[in-house]
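# Structure at a glance
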Amino acid sequence: MANAQMAHGPVKVITFAELQQEMNIQDDTLRVFNFWATWCKPCVEEMPCFTEAGKSFSQQKVKIILVSLDLRKHLESRLVPFIEKNQISLPVWLLDAPDANAWIDRVSPQWEGSIPATLFTRQGQKYFYETQFECNLLKSYINQYLKP
Amino acid sequence: MKQLLFAFLLITILPMGSKAQGLKPGDEAPAFSLKNVDGRTISLDDFADSKGVILIFTCNHCPYSIAYEDRIIALDKKFKPLGWPVVAINPNDPSVQPLDSFEKMQERAAEKGFTFPYLFDEGQKIFPQYGATRTPHVFLLQNMKDKFVVRYIGAIDNNYEDETLADRKYVEEAITALEAGQMPATSFTKAIGCSVKVKK
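Notes on the structure follow. (Residues numbered from 1 in each chain as written. Chains lettered and ligands numbered in written order. Predicted model: local features only at pLDDT ≥ 70, side-chain atom pairs only at ≥ 80, totals over all residues. Heavy atoms only, no water.)

The next point concerns the sheet that holds strand S9 (residues 193-195) of chain B. Overall, mixed pairing links the 3 strands, which are arranged S6(A)-S9(B)-S6(B) in an open sheet. Here the strands that pair on one side only, and so sit at the sheet edges, are strand S6 (114-115) of chain A together with strand S6 (134-135) of chain B. Two elements, S6(B) and S9(B), share 2 bridges in a ladder whose sense is antiparallel. Considered in S9(B), the bridge of Arg134(B) is made with Ser195(B). (Pairing = 2+ DSSP bridges. Helix = DSSP H or I, 4+ residues; strand = E, 2+ residues; numbered from the N terminus.)

Let us now look at unusual backbone geometry. The omega torsion of the bond from Ile115(A) to Pro116(A) falls at 10°, within 30 degrees of zero and hence cis. One can find Pro116(A) in the loop between S6 and strand S7 (117-122). Of note, the amide linkage connecting Thr135(B) to Pro136(B) takes the cis form, showing an omega dihedral of -10°. Looking at where Pro136(B) falls in the secondary structure, it is placed in the loop between S6 and strand S7 (137-143).

Before going further, it helps to examine the packing of aromatic side chains. Applying the stated criterion across every chain, the model contains 24 aromatic pairs over all chains. Where Phe35(A) meets Trp111(A), the ring centres are 4.9 Å apart and the plane angle is 50°; that geometry is what we call tilted. One end of the pair, Phe35(A), is in strand S3 (residues 30-36); the other, Trp111(A), is in the loop between helix H4 (104-107) and S6, and 76 residues separate them in sequence. On the numbers, 4.7 Å between centres and 25° between planes, the contact of Phe114(B) with Phe116(B) is stacked. With respect to class, Phe114(B) is no different from Phe116(B); both count as buried. The structure contains a cluster of three or more aromatic residues connected by ring pairs, namely Phe50(A), Phe120(A), Tyr127(A), Tyr129(A), Phe133(A), Tyr141(A) and Tyr145(A). (Phe/Tyr/Trp six-rings, centres within 6.5 Å; stacked < 30°, edge-to-face > 60°. Buried < 20%, exposed > 50% of the residue type's maximum accessible area, 1.4 Å probe, protein only.)

A few words on the state of the cysteines. Under the criterion given, the structure shown has 3 disulfides over all chains. Between Cys40(A) and Cys43(A) runs a disulfide, and the two sulfur atoms are separated by 2.1 Å. Looking down the S-S bond of the Cys40(A) and Cys43(A) bridge, the torsion is 75°, so its handedness is right-handed. For the residue pair Cys40(A) and Cys43(A), the accessibility class agrees, reading buried in each case. With its sulfur 2.1 Å from that of its partner, Cys62(B) forms a disulfide with Cys194(B). The sign of the 80° torsion about the S-S bond sets the Cys62(B)-Cys194(B) disulfide as right-handed. Of the two residues, Cys62(B) is situated in the loop between strand S3 (52-57) and helix H2 (63-79) and Cys194(B) in strand S9; the sequence distance between them amounts to 132 residues. Described in terms of the sequence order of its bonded cysteines, the disulfide pattern of chain A is 1-2, 3-4. The thiol of Cys59(B) is unpaired, and the distance to the nearest cysteine sulfur, on Cys62(B), comes to 5.0 Å. (Disulfide = S-S within 2.5 Å.)

Here you go:
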């Protein structure tokens, strides 16, 4: 699908190719991709941990991206209101790629397809977790993966 | 000390990440006997006269399941007359997700006019035996007379958002292959779905 990046208030709608481009950057910034959706209860529960980590690590080379798997048709009705209501300041990208079988393995072959799921990337290294994070654990992973 | 702490955390997180071993194509399908929304008990054995069963773990609350509801009804209408009926199972614990209670299942089945059994995995004993991890999650079973064998596991098609844009209809393709005496070319796909809801 040849849809260009579109801005919808706080949300950027992206294709898988665009996500992959960001995942493949091999600089010394630790990127944390949190795959979630507004309808996913454990995702919503762990979201404050990511928001908090975003603040704690704001002076370090850490970029946290919330990759939403909400349906494209729920962008205006559910996703944007959720972000506004919860005052989420982290970047939110809506992954508009409904052929999930084509890309799940390219995020991680370990991924069964459930969310929440989180991918850490830095300097070509990838670490993947298909689990709900607790705040302390998330922080300790970020600290660990930030080390050269 | 930090290393130690990290090692400790790693050990404690591992059980959360480990998955029950699921079925693979070619495996025998575990038997089940579960309560249907109409109050009757339905067993896999009840389908001894069909060519197979389109077994779908699905539920009320999940937007991906809802997006596929009409397609599940259409599958049943198309394939039940050919000997491949749909059987849906809700694997969720309603104490975790109240929208998936047995009563709510009855309401949803009536509202949508489900033409197939919609069973409740009471006590959550069946979904782990299949290795269902999300909803919707399809297991296509072929009746080999002495047992049912799994022939396809995964998604219904390759576009959860818009049926008209799906150019791979995995379940239909698999049944067509089996009807022709062949194995499905695609026997396993991954999909995004709602995780099966269990108590922590």
